[in-house]
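# A structural walkthrough
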Amino acid sequence: MKKFIMKQLYKRILNRIYNPFLQTNIKPQELKFTNKEKCLVIAPHPDDESIGCGGIMKLFPDNFDVISLTHGNKDDIRYSEMHEAMDFAGINNLIMLNLPDKNIISEKKIFNQIDISKYDYIFLPYIFDQHKDHKAVSILLSEKLKDKKFKSNLKIAYYEVWSTINMPQYYVNITKVIEDKKKMINFHKSQVATKNYAEKILGLNSYRGLLRNLGAVESFSILNVKDFQNIVSKIAFDL
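First, a word on what this report is: a plain description of the structure on this page.

Parameters at a glance
- Residues numbered from 1 in each chain as written.
- Predicted model: local features only at pLDDT ≥ 70, side-chain atom pairs only at ≥ 80, totals over all residues.
- Heavy atoms only, no water.
- Helix = DSSP H or I, 4+ residues; strand = E, 2+ residues; numbered from the N terminus.
- Buried < 20%, exposed > 50% of the residue type's maximum accessible area, 1.4 Å probe, protein only.
- Contact = heavy atoms within 4.5 Å.
- Areas by Shrake-Rupley, 256 points an atom, 1.4 Å probe, with all protein chains shown as cover.
- Axes fitted to C-alpha atoms, helices over the stretch in contact; angles between N-to-C directions.
- Parallel < 35°, antiparallel > 145°, perpendicular 65-115°, else oblique.
- Left-handed = near helix turned anticlockwise from the far one by under 90°.
- Nonpolar A, V, L, I, M, F, W, Y, C, P; charged D, E, K, R; others polar.
- Pairing = 2+ DSSP bridges.
- Expected span 1.5 Å × (residues − 1).
- Arc of directions from axis to C-beta.
- Salt bridge = Lys/Arg side-chain N within 4 Å of Asp/Glu carboxyl O.
- Polar contact = N/O pair within 3.5 Å; in protein donor to acceptor, adjacent residues only side chain to side chain.

### Description of the overall build of the protein chain
Across its full length, the protein chain holds 9 helices and 8 strands. Out of the 239 residues belonging to the protein chain, those deemed buried represent 49%. Restricting the contact set of the protein chain to residue pairs at least 6 apart, pairs at least 24 apart contribute 84%. Surface exposure of the protein chain reaches about 12,200 Å², of which carbon and sulfur atoms provide 51%.

Following this line, the structure appears as structure tokens:
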């Protein structure tokens, strides 16, 4: 009897966490932008933005600002690589902070200084991504949102880097800029020297495209602020 009760309780907890991800059409819908939406990409490290959002940024550069939270241990090299990638993408507003790599969770005070008041979308790594800094962004943003200094229509958009999104609700067709995304990733020479990030993520983008019979898509899970904070509050993070 005790095991049965614990099993049912566990199911309820999981349901409360995952419901916001699942209460949508199983088939992803196209994420449509005009020139009005203002978007912020938060990249824990230089290259996360290109891996997760390179295609959509190349398609809509005027919509996007980018913040890189760390320099990723190799300050001068990665600083230069990041600027080259963003210049190629056409991103005019790039901010690079100098938070400690693998410990950005300790920098709540600095993170809270980021002005998010003008954005319609904030893009960040998937909450279940397998990197402690990537998980930390969800925690820091959830805390920051408690100050209520954001637009009422703000949406939180998760992108894929180290882990795939279970059931993405939205996609963007990046077929015509897939080679540009590859170049953006490869601007991060210090990183692709050890891992072929472009090959791996473009393979995922191509696979994601199968569902809509497209060459390649970037997939996203998009939540309102209430659901986002609810999810973050129910996960026990090991950072």
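Here the narrative resumes.
### Side note on the packing of helix α5 (residues 132–144) against helix α9 (residues 225–233)
Two numbers describe how α5 lies on α9: the axes approach to 10 Å, and their chain directions differ by 125°. One element, α5, and the other, α9, form an angle in the oblique class. For the pair α5 and α9, the sense of crossing is left-handed. On α9, the residues that touch S138, I139, L141 and S142 of α5 are F228, Q229 and V232. Partitioning the contact of α5 with α9 into residue classes produces 4 nonpolar, 3 polar and no charged.

### Description of the pairing of strand β8 (residues 217–224)
Remember that side chains alternate between the two faces of the sheet whenever the strand is regular. Most of β8 sits inside the fold, with 7 of its 8 residues counted as buried. Here 4 bridges tie strand β6 (residues 155–159) to β8, and the two strands are oriented antiparallel to one another. Paired with A157 across the bridge in β8 is I222. One ladder, built from 4 bridges, connects strand β7 (residues 170–173) with β8; its direction is antiparallel. Each bridged residue has a counterpart across the sheet, and for V172 the counterpart in β8 is E218.

### So, helix α8 (residues 197–209)
Think of an α-helix as 3.6 residues a turn; residues three or four steps apart then line up on the same face. Relative to the 18 Å expected for 13 residues at 1.5 Å per residue, α8 spans 18 Å between its end C-alpha atoms, a close match to the ideal helical length. Turning to α8, its buried residues are Y197, A198, I201, L202, L204, N205, R208 and G209. All buried residues of α8 fall inside an arc of 150° around its axis, so they share one side. Exposed and oriented more than 90 degrees from the buried face of α8 are E199, K200 and Y207.

### A short note on the pattern of salt bridges
Pairing is possible between side chains of opposite charge, provided their charged atoms come close. Within this structure, the stated rule accounts for 11 salt bridges. Here K144 makes a salt bridge to D147, at a shortest N to O gap of 3.8 Å. Here E218 ties to K181 by a salt bridge, and the two come within 2.7 Å at their closest N and O atoms. Residue E218 is found in strand β8, and its partner K181 is found in helix α6 (residues 178–186); the two are separated by 37 residues along the sequence. The burial state of E218 is the same as that of K181; both residues are buried. Beyond isolated ion pairs, a larger network of salt bridges with shared partners links K38, D65 and K118.

### Some remarks on the side chain of S138
Examined against the element boundaries, S138 turns out to sit in helix α5. Polar side-chain contacts of S138 include one of 3.0 Å to the side chain of Y158. When residues no more than four places from it in sequence are discounted, the contact partners of S138 are L124, P125, I127, Y158, F228 and V232.

### Observations regarding the environment of D133
With respect to the element layout, D133 can be found in helix α5. You can call D133 buried: its relative accessible area is 1%. As a C-alpha pair, D133 and K102 span 31 residues in sequence and 5.6 Å in three-dimensional space. Polar contacts involving the side chain of D133 include one to the main-chain amide nitrogen of K102, which spans 2.6 Å.

### Quick look at the sheet that holds strand β1 (residues 29–30)
An order of β1-β7-β8-β6-β5-β2-β3-β4 is seen for the 8 strands of this open sheet, with the pairing classed as mixed. For this open sheet the edge positions go to β1 and β4 (94–96), each flanked by a neighbour on one side alone.

### Some thoughts on the packing of α6 against α8
Helix packing for two helices is described by the angle between their axes and how far apart those axes are. Orientation of α6 relative to α8, taken along the N-to-C sense of each, is 150°, at an axis distance of 9 Å. Handedness of the α6/α8 crossing: right-handed. For the pair α6 and α8, contact is made by I178, K181, K182, I185 and N186 and by Y197, A198, I201, L202 and N205, respectively.

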